[in-house]
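# Fold and geometry: a report
Each chain, written out:
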Amino acid sequence: MEDNIGTMIAQVARLMRRSFDERARSIGVTRPQWQVLSLLSGHEGINQGGLAEILEVEPITLGRMIDRLQDAALVERRPDPSDRRAWRLFTTAKGRELMDVIRPLAFETFETALDGVDAAQRDQLMAMLDRMRGNLSRKPQAGAAAHG
């Protein structure tokens, strides 16, 4: 099979996920749980719909993940003061402690993946990936859609 950039990025991402899963399994955390905790720690107080959008999952799917994290005392729901139907999400002290254990596992995964890549190459790779993300995040121009 001929390699192209999309295939290569997908394969590297899959291998990084698998490597992280193997490390995280030792402490009983799944990658989806790590993703929720990681994003939530950077967006404390976000509502469930907003977090579902960032994670690109359906709100009901995230709701079930939050239920499990709440049952494990890693996340808590607090009433939204401006909307009595909504809940704001926060990591608990136990959730923050778990993040302190998981974060090094993620860094180990990155370091394994980037073994032999020097600092300048890492910076260049990140800049290129950031550019690609920006290019793909832009909304198509109205004129371009009319001609395509």
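Structural data are supplied above this passage.
Structure report, in brief. Keep in mind it's a predicted model, so treat the numbers as computed, not measured.

This paragraph deals with the overall build of the chain. Broken down by element type, the chain carries 7 helices and 2 strands. N-terminal to C-terminal, the α/β element order of the chain is α-α-α-α-β-β-α-α-α. Seen along its three principal axes, the alpha-carbon backbone of the chain occupies a region of about 50 × 45 × 30 Å. Taken across its 148 residues, the chain has 26% of its residues classed as buried. Sequence separation of at least 24 residues holds for 48% of the intrachain contacts in the chain that already meet a minimum separation of 6. When the accessible surface of the chain is totalled, it reaches about 10,500 Å², and 55% of it is carbon and sulfur. Here the chain carries 21 positive and 21 negative side-chain charges, and the mean point of each set is 5 Å from the other.

Let us now look at the packing of aromatic side chains. Here the structure, examined in full by the defined rule, presents 2 aromatic pairs. Aromatic pair Phe-20 and Trp-34: ring centres 5.6 Å apart, planes at 35 degrees, arrangement tilted. A residue pair is termed long-range when its members are at least 10 positions apart, and Phe-20 in helix 1 (residues 5-25) and Trp-34 in helix 2 (residues 31-42) qualify at 14 residues. Looking at Arg-78, its charged tip hangs above the ring of Phe-90, at a distance of 3.8 Å from the centre.

Mapped onto the fold, Arg-31 is located in helix 2. Here Arg-31 falls in the partly exposed class, since its relative accessible area comes to 23%. Those residues in contact with Arg-31 that lie beyond four places of it in its chain are Arg-17, Phe-20 and Asp-21.

Let us look at the pattern of salt bridges. As enumerated under the stated definition, the model contains 9 salt bridges in all. We note a salt bridge from Glu-76 to Arg-78, for which the minimum N-O separation is 2.6 Å. Where Asp-130 meets Arg-133, a salt bridge forms, and the shortest distance between an N and an O atom there is 2.7 Å. Of the two residues, Asp-130 and Arg-133 both sit in helix 6 (residues 119-137), 3 residues apart, roughly one turn of that helix. Of the residues examined, Asp-130 reaches a relative accessible area of 42% and is grouped as partly exposed. The exposure class of Arg-133 is exposed, given its relative accessible area of 56%.

Turning to the nonpolar core, a few remarks are in order. If you look at the biggest cluster of nonpolar residues, it comprises 23 residues, and the most contacted ones within it are Val-36, Leu-51 and Leu-62. If you list the elements that add at least two residues to this core, you get helix 1, helix 2, helix 3 (48-55), helix 4 (59-71) and helix 5 (93-113). Ranked by residues supplied to this core, first place goes to helix 5 with 5 residues.

Once that is clear, we can look at helix 1. Under the 1.5 Å per step criterion, the end-to-end length of helix 1 is 30 Å for 21 residues, consistent within 8% with the ideal 30 Å. Restricting attention to buried positions, one finds in helix 1 the residues Thr-7, Ser-19, Phe-20, Asp-21, Arg-23 and Ala-24. Taken together, the buried residues of helix 1 touch helix 2 and helix 5.

About the criteria used
- Residues numbered from 1 in each chain as written.
- Predicted model: local features only at pLDDT ≥ 70, side-chain atom pairs only at ≥ 80, totals over all residues.
- Heavy atoms only, no water.
- Helix = DSSP H or I, 4+ residues; strand = E, 2+ residues; numbered from the N terminus.
- Buried < 20%, exposed > 50% of the residue type's maximum accessible area, 1.4 Å probe, protein only.
- Contact = heavy atoms within 4.5 Å.
- Areas by Shrake-Rupley, 256 points an atom, 1.4 Å probe, with all protein chains shown as cover.
- Lys, Arg positive; Asp, Glu negative; His and termini not counted.
- Charge placed at Lys NZ, Arg CZ, Asp CG, Glu CD.
- Phe/Tyr/Trp six-rings, centres within 6.5 Å; stacked < 30°, edge-to-face > 60°.
- Lys NZ or Arg CZ within 6 Å of the ring centre and 35° of its normal.
- Salt bridge = Lys/Arg side-chain N within 4 Å of Asp/Glu carboxyl O.
- Core = buried A, V, L, I, M, F, W, Y, C linked by side-chain atoms within 4.5 Å.
- Expected span 1.5 Å × (residues − 1).

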